[in-house]
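Examining the three-dimensional arrangement
Residue-level listing of the chains:
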Amino acid sequence: MDTNSQKQTYPAMVTVKGCKIALLNYTYGTNGLVVKHPNIVNMIDTQWIINDFASLRVKQADAVIPVMHWGVEYITSENADQQNTANLLARLGSTAIIGMHPHVVQPIKTIKVVKKGKRDSISVPVAYSLGNFVSNQRLVS
């Protein structure tokens, strides 16, 4: 897929009962796999994420849900990198944030975001890791 094709198909947008929902995805890495053209992997990169949210404003998404491949395997709490990225995603306009990768459940928390020039705040739920919702991977000692 070339960059122009990606711009047309990414982010994934679905419409449910008239609500346009955008699904974003990012990862910390590829476990050593080399990504070869035409494949594209969205790395957790601040500028990339900011650009994606800017494109969503043009596409007029009603809800934005980033799905994050982040965190440290088998650690049951989120780390500072996850928190910082979640805060950025919330400030940019995420409706909810879903995390995965650690293979264990991590906390579900909310981030309060105050909109510029407004007194009201919104709460963005963050599930830092859903654990092995599908996988049956076990810790090998």
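In this text the structure is predicted, and so the values were computed from the model without any measurement. Residue positions are given per chain, counting from 1 as you read along its sequence in written order. In keeping with the predicted nature of the model, local features appear solely for residues at pLDDT of at least 70, side-chain atom pairs appear and are counted solely at 80 or more, and the whole-chain, interface and lining totals rest on all residues. In computing side-chain values, all of the structure's heavy atoms are included and hydrogens and water are not.

Right, let's talk about the pairing of strand E2 (residues 19-27) for a bit. Paired strands, in this sense, are two strands between which DSSP finds at least two bridges. For helices the rule is a DSSP run of H or I covering at least 4 residues; for strands it is a run of E covering at least 2, with both sets numbered from the N terminus onward. Both strand E1 (residues 12-16) and E2 contribute to a ladder of five bridges, which runs antiparallel. Counted as the bridge partner of Thr15 is Lys20 from E2. Here E1 folds back onto E2 in antiparallel fashion, the turn holding two residues, of which Lys17 has a positive phi close to 50°. Handedness of the β-α-β unit built from E2, helix H2 (residues 46-59) and strand E3 (residues 63-69) comes out right-handed. A clockwise path from the first strand over the helix to the second, with the strands pointing away from the viewer, defines a right-handed crossover.

All right, on to the sheet that holds strand E4 (residues 97-100) then. Ordered in space as E1-E2-E3-E4-E6-E5, the six strands form an open sheet in which the pairing is mixed. Taken across any chain shown, the strands that pair with only one partner, and hence form the sheet edges, are E1 and strand E5 (108-114). When strand polarity is set aside, the average angle formed by the axes of neighbouring strands in this sheet is 20°. Across three bridges, the pairing between E3 and E4 is parallel. Looking across to E4, one finds that Met68 is bridged to Gly99. The convention used is that axes are lines fitted to C-alpha atoms, helices contributing only their stretch in contact, and that angles between N-to-C directions extend from 0 to 180 degrees.

Its location among the elements puts Thr85 in helix H3 (residues 80-92). Apart from the residues within four sequence positions on either side, Thr85 is in contact with Ile44, Met68 and Trp70. Any two residues whose heavy atoms approach within 4.5 Å are treated as being in contact.

With that settled, the discussion passes to the pattern of salt bridges. By definition, a salt bridge exists where a carboxyl oxygen of Asp or Glu is found within 4 Å of a side-chain nitrogen of Lys or Arg. With the rule as written, the count across this model stands at one salt bridge. One salt bridge connects Glu78 with Lys109, and the closest N-O pair in it is separated by 2.6 Å. Separated by 31 residues along the polypeptide, Glu78 in the loop between E3 and H3 and Lys109 in strand E5 bring together distant segments of the chain. Burial classes: relative accessible area under 20% of the type maximum marks a residue as buried, over 50% as exposed, and values in between as partly exposed (1.4 Å probe, protein chains only). The exposure class assigned to Glu78 is buried, which follows from its relative accessible area of 10%.

Another aspect to go through is the nonpolar core. Only buried residues count toward a nonpolar core, which is a set of Ala, Val, Leu, Ile, Met, Phe, Trp, Tyr and Cys residues joined through side-chain atoms within 4.5 Å. Core analysis: the biggest nonpolar cluster contains 20 residues, and Leu24, Trp70, Ala86, Ile97, Ile111 and Val126 have the highest contact counts within it. Elements with a contribution of two residues or more to this core: E2, H2, E3, H3, E5 and strand E6 (121-127). For this core, the leading source of residues is H3, giving four residues. Setting aside residues up to four positions removed in sequence, Trp70 forms contacts with Tyr28, Ile44, Gln82, Thr85, Ala86, Ile97, Gly99, Met100, His101, Pro102, Val126 and Tyr128.

Moving on, we come to the confidence of the model for the protein. Looking at any residue, its pLDDT shows the predictor's confidence there, from 0 to 100. Put simply, the protein has an average pLDDT of 89, and 87% of its residues get 70 or more. Within the protein, H3 carries the highest mean pLDDT (98), whereas helix H1 (residues 3-9) carries the lowest (66).

Summarising the element assignment, Gly18 is placed in the loop between E1 and E2. Through-space distance from the C-alpha of Gly18 to that of Asp62 is 9.3 Å; in sequence the pair is 44 residues apart.

The end-to-end C-alpha distance of H3 is 18 Å, a good match for the 18 Å that 13 residues give at a rise of 1.5 Å each. Within H3 the residues assigned to the buried category are Gln82, Thr85, Ala86, Leu88, Leu89 and Ala90. Buried positions along H3 lie against H2, E3, E4, E5 and E6. Each polar contact in these results corresponds to two N or O atoms within 3.5 Å; when the atoms are within protein, one needs to be able to donate a hydrogen and the other to accept it, and residues that are neighboring in sequence are counted only if both atoms are side-chain atoms. By the N-cap criterion, in which a side-chain oxygen at the helix start approaches the backbone nitrogen of a residue two or three places on, H3 is capped by Asn79, the distance to Asp81 being 3.1 Å. For a helix, the expected span equals 1.5 Å multiplied by the number of residues minus one.

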